[in-house]
Amino acid sequence: MAPILDIHVQTTLESPGRSFALDARFTSTTARTALIGASGSGKSTVLMAIAGLAPRVRGHVRIAGTTLLDTDHAVDLPARARRVGLVFQDYALFPHMTVEQNLAFGLCRLGQRPSEADRVRIDVLSRQFDLETLRGAWPRHLSGGQRQRVALARALAPQPHLLLLDEPLSALDTTLRIRLRAELAEMLERVQVPTLLVTHDPSDVEALAQSVVQLDDGAVRGPGFTAP
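Our subject in this report is the structure included herewith. Model, not experiment: these values are computed from the prediction.

Comments concerning the overall build of the protein
Assigned secondary structure in the protein consists of 6 helices and 12 strands. Here the C-alpha radius of gyration of the protein, 18 Å, is about what a compact globule of 228 residues would show, namely 17 Å. Principal-axis analysis of the C-alpha atoms places the extent of the protein at approximately 45 × 45 × 40 Å. Out of the 228 residues in the protein, the part that is buried amounts to 48%. Put simply, 67% of the contacts in the protein that link residues at least 6 apart link residues at least 24 apart. For the protein, the exposed surface amounts to about 11600 Å²; the carbon and sulfur share of it is 52%. For the protein, the centre of its 25 positive side-chain charges and the centre of its 24 negative side-chain charges are spaced 5 Å apart.

Structure (structure tokens):
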């Protein structure tokens, strides 16, 4: 049986005064995996590479046996074809779009109106994430918890094969973080989509992850652990 995640990401990031080499290789057989490490260790770059948003990447990305990237065999699917949902640290909702328009973004080609199937999918997500009364609201009028639910629903709208979460709780104050961590754990359990979570918070790992991969200065250090 193929692992859920089979990742080998190699790239070099150049910036003034620094050259950073990333060579991260790991597999995971659990539905929810945490990628941990210090700031600057390459965690977010791994997520961007899996999503198809990092340039000059070598190696391979396989999700449940499906190959998204394999540079040895000239395979490199574009981001839109990878069926990967991504939630950024600040949620990155489009401020000029309503909640409903944000949900529709991942379903419609640019400039097209939602199809009947798209509208049904938006209805389902609105109910599932308790957004029915907020569909016409602008992101600036939403609470932190509401923005989180919209970002998750938008990422899940096209029914991805993998969900990537990039420090989704780090921008919140302590009290809100505790509450939204519990809500996020419940939502991930309910939607049952394989998830790779980037975090530096042990409480996130304990609440949200079933296995852990540790990244240190661009490379995986040690085997991590799998929760019982």
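Some thoughts on the pairing of strand S5 (residues 66–70)
Where strand S4 (residues 58–63) meets S5, 4 bridges bridge the pair, whose relative direction is antiparallel. Paired with His-60 across the strands is Asp-70, a residue of S5. Remark: 2 residues form the turn of the hairpin made by S4 and S5, two consecutive strands paired antiparallel; Ala-64 in that turn has positive phi of roughly 50°. The hairpin turn running from S5 into strand S6 (residues 75–76), its antiparallel successor, is 4 residues long, and Ala-74 in that turn takes a positive phi close to 60°.

Things to note about the pattern of salt bridges
A complete count under the given rule lists 12 salt bridges for this structure. Its salt-bridge partner being Glu-189, residue Arg-32 comes within 3.3 Å of it at the nearest N-O pair. Taken together, the residues span a long stretch of sequence, with Arg-32 in strand S3 (residues 32–36) and Glu-189 in helix H5 (residues 174–191) at a distance of 157 residues. The exposure class assigned to Arg-32 is buried, which follows from its relative accessible area of 15%. By relative accessible area, which is 44% here, Glu-189 ends up partly exposed. For Arg-190, the salt bridge is made with Glu-186, and the minimal N-O distance between the two is 2.9 Å. Placement of the pair is Arg-190 and Glu-186 together in helix H5, with a separation of 4 residues, close to one helical turn. Within this structure, Asp-6, Arg-62 and Asp-70 form a network of salt bridges that share partners.

Some remarks on the environment of Asp-204
With respect to the helices and strands, Asp-204 occurs in helix H6 (residues 202–208). In this structure Asp-204 comes out as buried when scored by relative accessible area, which is 5%. For the pair Asp-204 and Glu-167, spaced 37 residues apart in the sequence, the C-alpha separation amounts to 9.3 Å. Contact partners of Asp-204, with chain neighbours within four places excluded, come to Leu-169, Arg-181, Leu-197, Thr-199 and Ala-209.

A look at the pairing of strand S7 (residues 84–87)
Across the two faces of S7 the burial is the same, with Val-84 and Leu-86 and Gly-85 and Val-87 all buried. Where S7 lies against strand S8 (residues 162–166), 4 bridges are found, and the strand directions are parallel. Paired with Val-84 across the strands is Leu-162, a residue of S8.

As for helix H1 (residues 43–51)
Burial within H1 is extensive, with 8 of its 9 residues counted as buried. Just downstream of H1, Gly-52 is the residue with a positive phi angle, here 85°.

Structural notes on the packing of helix H4 (residues 144–156) against H5
Axis separation between H4 and H5 bottoms out at 10 Å; the angle between their running directions is 25°. In terms of orientation, H4 lies roughly parallel with respect to H5. In the packing of H4 onto H5, the handedness of the crossing is right-handed. Across the interface between the two elements, Gly-144, Gly-145, Gln-148, Arg-149, Leu-152 and Leu-156 of H4 pack against Leu-176, Leu-180, Glu-183, Leu-184, Met-187 and Val-191 of H5. Broken down by class, the residue content of the contact of H4 with H5 amounts to 7 nonpolar, 3 polar and 2 charged.

About the thresholds
Residues numbered from 1 in each chain as written. Predicted model: local features only at pLDDT ≥ 70, side-chain atom pairs only at ≥ 80, totals over all residues. Heavy atoms only, no water. Helix = DSSP H or I, 4+ residues; strand = E, 2+ residues; numbered from the N terminus. Rg over C-alpha atoms; globule rule 2.2 N^0.38 Å. Buried < 20%, exposed > 50% of the residue type's maximum accessible area, 1.4 Å probe, protein only. Contact = heavy atoms within 4.5 Å. Areas by Shrake-Rupley, 256 points an atom, 1.4 Å probe, with all protein chains shown as cover. Lys, Arg positive; Asp, Glu negative; His and termini not counted. Charge placed at Lys NZ, Arg CZ, Asp CG, Glu CD. Pairing = 2+ DSSP bridges. Salt bridge = Lys/Arg side-chain N within 4 Å of Asp/Glu carboxyl O. Axes fitted to C-alpha atoms, helices over the stretch in contact; angles between N-to-C directions. Parallel < 35°, antiparallel > 145°, perpendicular 65-115°, else oblique. Left-handed = near helix turned anticlockwise from the far one by under 90°. Nonpolar A, V, L, I, M, F, W, Y, C, P; charged D, E, K, R; others polar.

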